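An overview of the molecular structure
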Amino acid sequence: MIEFKLSSAVARMRQITHAVAEGMMRPISREFDEREHEKPWDFIRTMWSVSKDNPVGGKRGKSGNGAAAEEADDPVRNERNLGMCVTVEELSWGDAGLYLSIPNAGLGGAAVNAAGTPEQRQRFLDRFKEGDPKWAAMAITEPGCGSDSAAIQTTAVRDGDSWILNGEKIFCTSGLMAAQESKGFVVVWATVDKSAGRAGIKAFIVEAGTPGMKVTKVEKKLGIRASDTASLVFTDCRIPLTNILGSAEVPKTSEGFKGVMATFDATRPLVAASAIGVARAALDFVKDELCKGEFSLRYGVTPTKLSAIERDIMDMETQLHAARLLTWRAATMLDEGQHNNLEASMAKAKAGLVVTQVTQKAVELLGPVGYSRNCLVEKWMRDAKINDIFEGTQQINMLVVARRILGYSRQELP
Amino acid sequence: MIDFTPTEEQRMIRESVAAYARDAVRPRARDADEDGTIPGEVIDTGWELGLVQSAIPEAYGGFGSQRSAITGTLVAEELAYGDLAVALHLLAPRLLAQPVIDYGSARQKERYLPRFTHNGLYPATAAVMEPRIDFDLAGLTTVARKGGGGWTLSGRKCLVPLGSRAETFLVYAATERSSGYSAVEGFFVDRGTPGLSIGERERNMGLRALDTVELTLDGCQVPGENRLGEETGCDFERIMDASRLALAGLAVGVARSAYDYARQYAKERRAFGRAIAQNQAIAFMLAEMAIEIDAVRLLAWEAAWKFDQGERVLRESYLAKRYAADMVLKVADNAVQVLGGHGYIRDYPVEMWLRNARGFASFEGLAIV
């Protein structure tokens, strides 16, 4: 039945995460935004020791899905994706860049979890439960293609019992840490047959330190500066044959490609949730500041009598919460085992737009103070913007929604 | 937990209302708007759905269903998808019935509730809005002065649904000036009471098929027992919360009808060698419409759920209603735009939906859930 109460497990997780955000992330937020290429190692080590208890792929429990339904009054239904959205929102409320810098299996791990064999999951994911901090990353974007991921040029050629990768990837989140600075790995999208188009695109796992994979650049960014965004160059990079995710066959259709793209149905709600956390930070701050003065939000007043600022704040609150409910819907569908391609893109498109507007408006409403680097709001505006761009730009997500509601293929609605 | 799935019972209710809206209402909606009247059989068939009777407790001849604002918004959406004027006509009796159920004295329940379960639609209604540009629910200028063993009402009301035929009006008035929602009480005023003038049928931008009137109260006296709730009064804020939820649900229905129509049109209409929906400009407008409709619906559901839990929802219902009003206007406007020149012509329904949509920003006091 229709219900809007977080389970006690998720609510508790939110509370704990909020304490981490406020107590551990906020105090170092400004520092690691200013010192872009330094890593917050104390924070990283602390989060690593926490995350080893909650690895990607879940504990080896009855359901094996990482659900935390321990209490009798908690639902039996899996809440993994909803729980992650709530947690990610809190971490991002703390600091979106620091959240992205937390050592974990990340997008790379999600791909292995979704498309890997049991042997691969063990070989690549078990490491996240022990030892030193590690990162996994996903490398898709190239200098010549971002949104058009089917146009990637990085090649994978079979040679005996190896694959040989050649190409260049850019904008790889946590690429430095995954490829070089830890015993992690990078999931690299490459084509085994350019003539086959989408059907030739496969995902390959490249362990950190593999000869032939080199980090050539770490970007200087507008925001999320605590997160390393790397360029990786592959020069005759040799990896075992068993490092391909899924089958090496080039099918007649692009089912395999669609399969990897389906990972985005799970990650888009998480990115939306992160965006919402950043915007909430800005909105909370603005409301707190305004309420120190004579300001109050008069809910129920005839709308034509609202002051301009009341109207702005109410719009921000409403839009942000709408984005949150759309995100929770997309996550809940995943938890219920439902296909959520449309809803995930709706949530991401809405969230990306809303958080950009909310954070930009927040700076405006704080006057000159909002503009100062003594105040975190300008940083949150800079951090927020990426959410409308990565994991599918707003325009791409709108295109996905449009095709779905109209029942159009790529050819029918380019 | 977080769950977005209606119950089996809610699905059944929604489906039967949707079928009525599709089969009985929509085909007659345009003519009703042109003629300024809804055919009797459309109302009779709708009345048989039992949407008002279900709320009446069994002791008074009703079905005694448990009140659910969520179910109410689902019903409101489906009815409004058919036609907003029909939705309001059909559910207007609830504007009097529901507050009696919630706040009425035993005497008031005895007096009014059985009327809704006899035969056909019983014309009763409530009067909330006032014909002023600065109309304010928290600052009603219709006032009730205590005295002479009763109350004297004065002021003006507008957009009173079914006013031309209503036998009883539940008139909301401020018992003290400028004291917010808490100063507002409801008063039962029967047709024919001295001091009550029922105006001519109003002429509105939209809702042209709906009978609405202005009321003028001038030294209109009612006995003390006509105060809703008698000694205990009512919770006007909560009644208005229910109204806001209803309006959000209705708005989602109107918006969805405009979106569905525009989407279908855009897939069929061809220009430059392809369907106009195959252009991103149009496709993105439709995608945005779809997202916004879903967004408002979820906010309305959450507010309705909280209402059903017994929580105060002034903030949630207010924000949902504001957003709903903005959204339905934008969606309806975009629907007209998608239809181009044809969108401007009354042979097509979208211009009617735009005229209906604009009202939501000002509509208040339509607590039909």
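Starting from 1, residues in each chain are numbered consecutively following that chain's sequence as written. Key to labels: chains lettered from A, ligands numbered from 1, both in the order written. At least 70 in pLDDT is required for a residue's local features to be given in this predicted model, at least 80 for side-chain atom pairs to be given and counted, and no such filter applies to totals for whole chains, interfaces and linings, which use all residues.

**A few points about the domain arrangement of chain B**
Residues and elements named next belong to chain B. The domain boundaries assigned to chain B delineate domain 1 (8–117), domain 2 (124–226) and domain 3 (236–361). An automatic or database domain assignment provides the domain bounds reported here. Placing a centre on the C-alpha atoms of domain 2 and another on those of domain 3 gives a separation of 30 Å. By the criterion used throughout, residues are in contact when their C-beta atoms, derived from the backbone, lie within 7 Å. In this assembly, seven residues from domain 2 lie in contact with eight residues from domain 3. Throughout this entry, Asp, Glu, Lys and Arg are counted as charged residues, while Ala, Val, Leu, Ile, Met, Phe, Trp, Tyr, Cys and Pro are counted as nonpolar. The remaining residues, Gly among them, count as polar. Residue classes in the side of domain 2 that touches domain 3 are distributed as six nonpolar, one polar and no charged.

**Overview of the interface of chain B and chain A**
Counting residues at the interface gives 36 residues for chain B, matched by 38 residues for chain A. Runs of E in the DSSP output that reach at least two residues are strands. Runs of H or I that reach at least four are helices, and both are numbered from the N terminus. Looking at the side of chain B that touches chain A element by element, the count peaks at 13 residues for helix H8 (residues 280–308) of chain B. A per-class count over the side of chain B that touches chain A returns 25 nonpolar, three polar and eight charged. Any two strands with at least two DSSP bridges between them are considered paired. As defined by bridge partners, strand E1 (residues 3–4) of chain A adjoins strand E1 (residues 2–3) of chain B across two bridges and the pair is classed as antiparallel.

**With respect to the pairing of strand E6 (residues 201–207) of chain A**
All names here are of chain A. Residues with at least 20 other C-beta atoms within 10 Å of their own are called buried, those with 12 or fewer are called exposed, and the rest are partly exposed. The C-beta atoms themselves are positioned from the backbone. In terms of residue burial, E6 counts as a mostly covered element, since six of its seven residues are buried. The pairing of strand E5 (residues 185–191) with E6 spans seven bridges and is classified as antiparallel. Looking at E6, one finds that Val188 is bridged to Phe204. Where E6 and strand E9 (residues 244–245) come together, two bridges link them in antiparallel fashion.

**Digging into the confidence of the model for chain A**
One rule of thumb: low pLDDT means the predicted coordinates there are not for detailed reading. On average, chain A scores 91 in pLDDT, and the residues at 70 or more come to 92%. Per-residue pLDDT stays below 50 along residues 56–73 of chain A; that stretch engages in 31 contacts with residues further than four places along the chain or on separate chains. Each residue carries a pLDDT value, the predictor's own confidence for that position, ranging from 0 to 100.

**So, the packing of helix H3 (residues 80–94) of chain A against helix H9 (residues 263–291) of chain A**
Residue and element names in this part refer to chain A. Look at H3 against H9: their axes get within 7 Å of each other, and the N-to-C directions meet at 35 degrees. Regarding H3 and H9, the two cross each other, and that crossing is right-handed. Residues Asn81, Met84, Cys85, Val88, Glu89, Glu90, Leu91, Ser92 and Trp93 of H3 form the contact with H9, whose own contacting residues are Ala266, Pro269, Leu270, Ala273, Ser274, Ile276, Gly277, Val278, Arg280 and Ala281. Of the residues that constitute the contact of H3 with H9, the class distribution is twelve nonpolar, four polar and three charged. All axes are obtained by fitting lines to C-alpha atoms, using only the stretch in contact for helices, and the reported angles, taken between N-to-C directions, cover 0 to 180 degrees. Whether a crossing is left-handed or right-handed is set by the direction in which the near helix is turned from the far one by less than a right angle, anticlockwise for left-handed and clockwise for right-handed.

**Focus: unusual backbone geometry**
One non-glycine residue, A:Asp236, adopts positive backbone phi at about 45 degrees. With respect to the secondary-structure elements, A:Asp236 resides in strand E8 (residues 229–240). On the basis of neighbour count, A:Asp236 is assigned to the exposed category, with 11 C-beta atoms found within 10 Å. Not every positive phi belongs to a glycine, and B:Leu162 is a case in point at roughly 60 degrees. Tracing the backbone shows B:Leu162 in the loop between strand E4 (150–161) and strand E5 (168–174).

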